[in-house]
Amino acid sequence: MGDVKASGEGERVWTGGCLCGGVRYAIDTRPEPISFCHCSQCRRQHSHVGAYAGLPRAALRLLTDSTLTWYASSERARRGFCARCGAGLFWEALEQAGAERRITVTAGSLDDPSGLRVDRHIFVDHKGAYYDIGDDGVERRTSTGEVVE
C-alpha cells in the first residue's frame with residue numbers, strides 16, 4: 001500500500017503498518033523530522049537504535065488494529081507493537097492532556113518515508129557501548145535534553 005491522497009485536499013496522507021499487516025495506520029499531517037533514540041529500551045525493542053517521527057495524536061488513524069498490543073515500558077510511556085509479527089510501531093507518553101496529546105511512529109513502519117530526514121540523536125548518554133555515533137552533522141541531545149557538541 002502506498003500513500004493515498006486526502007479527498008479534496010490534494011495533501012499527502014502518510015501510511016504505514018507492521019510486517020504482517022495486522023496493524024495499518026494513516027497520518028493526516030506531515031510527521032516531524034526523525035529522531036534516533038539511543039536509550040536502552042529502544043535498543044532492546046529495535047535491536048539497535050529507535051527511529052521515531054512525532055505527530056499530534058489526533059492525526060493518527062488506525063485503519064486495522066486487530067494485532068496491536070500496548071506495553072507500558074515505564075511509568076511514563078507505553079509502546080505499541082504487533083502481537084503477531086513483533087514489529088514496533090508507536091511510542092506514547094502516558095500522562096498527556098486532550099488536544100495536546102502526541103505520539104511517535106517508528107520511521108521503519110512508514111510505507112514511504114521519503115521527504116523525512118533525521119534531525120537529532122536523543123539519549124546519547126545512554127547509547128550502547130558497542131557502537132559510536134558517527135560525525136553525521138546531526139544534533140545530539142542527552143537524556144536531560146542538553147545539546148552535546
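Structural data are supplied above this passage.
Throughout what follows, the structure given in this document is the object of discussion.

Calculation rules
- Each chain has its residues counted from 1, following the order in which its sequence is written.
- Selection of residues for local features in this predicted model requires a pLDDT of at least 70, selection of side-chain atom pairs for listing and counting requires 80 or more, and totals for whole chains, interfaces and linings are taken over all residues.
- Hydrogens and waters are ignored; side-chain quantities use all the structure's heavy atoms.
- By the criteria applied, helices consist of DSSP H or I runs no shorter than four residues and strands consist of E runs no shorter than two, each listed in order from the N terminus.
- It only takes one pair of heavy atoms within 4.5 Å for two residues to be counted as in contact.
- By the criterion applied in these results, polar contacts are pairs of N or O atoms within 3.5 Å in which, for protein atoms, one can donate a hydrogen and the other can accept it, and in which residues neighboring in sequence qualify only through two side-chain atoms.
- Here, strands pair whenever DSSP counts at least two bridges between them.
- For our purposes a nonpolar core is just a set of buried Ala, Val, Leu, Ile, Met, Phe, Trp, Tyr and Cys residues, chained together by side-chain atoms within 4.5 Å.
- Burial classes follow relative accessibility: with a 1.4 Å probe on protein chains only, a residue under 20% of its type's maximum area counts as buried, one over 50% as exposed, and anything between as partly exposed.

### A look at the environment of Asp-28
1) Next: Positionally, Asp-28 belongs in the loop between strand E3 (23–27) and strand E4 (34–37).
2) Next: With 27 residues separating them along the chain, Asp-28 and Leu-55 place their C-alpha atoms 9.5 Å apart.
3) Next: Once you skip the residues sitting within four places of it in the chain, Asp-28 turns out to touch Val-13, Ala-59 and Arg-61.
4) Next: A polar side-chain atom of Asp-28 sits 2.9 Å from a polar atom in the side chain of Arg-61.

### Things to note about the sheet that holds strand E10 (residues 102–106)
1) Next: Spatially, nine strands are ordered E7-E8-E9-E10-E5-E4-E11-E12-E13 in an open sheet, and the strand pairing comes out mixed. Whereas interior strands pair on both sides, the edge strands pair on one side only; in this sheet they are strand E7 (68–71) and strand E13 (147–148).
2) Next: Taken together, the four bridges between E4 and strand E5 (residues 50–56) define a ladder with antiparallel strand orientation. Following the sheet pairing, Ser-35 is matched in E5 by Tyr-52.

### Some words on the environment of Leu-60
1) Next: Position of Leu-60 among the secondary structure elements: in strand E6 (residues 60–65).
2) Next: Each C-alpha atom, one on Leu-60 and one on Arg-102, is 9.5 Å from the other, the two residues being 42 residues apart in sequence.
3) Next: Other than its neighbours up to four places away in sequence, Leu-60 contacts Tyr-25, Ala-26, Ile-27, Leu-55, Phe-90, Ile-103 and Val-105.

### Let's talk about the nonpolar core
1) Next: Membership of the largest hydrophobic core comes to 19 residues, with the highest contact counts inside it found for Ile-27, Leu-60, Phe-90 and Val-105.
2) Next: Elements supplying a minimum of two residues to this core: E3, E5, strand E9 (88–93) and E10.

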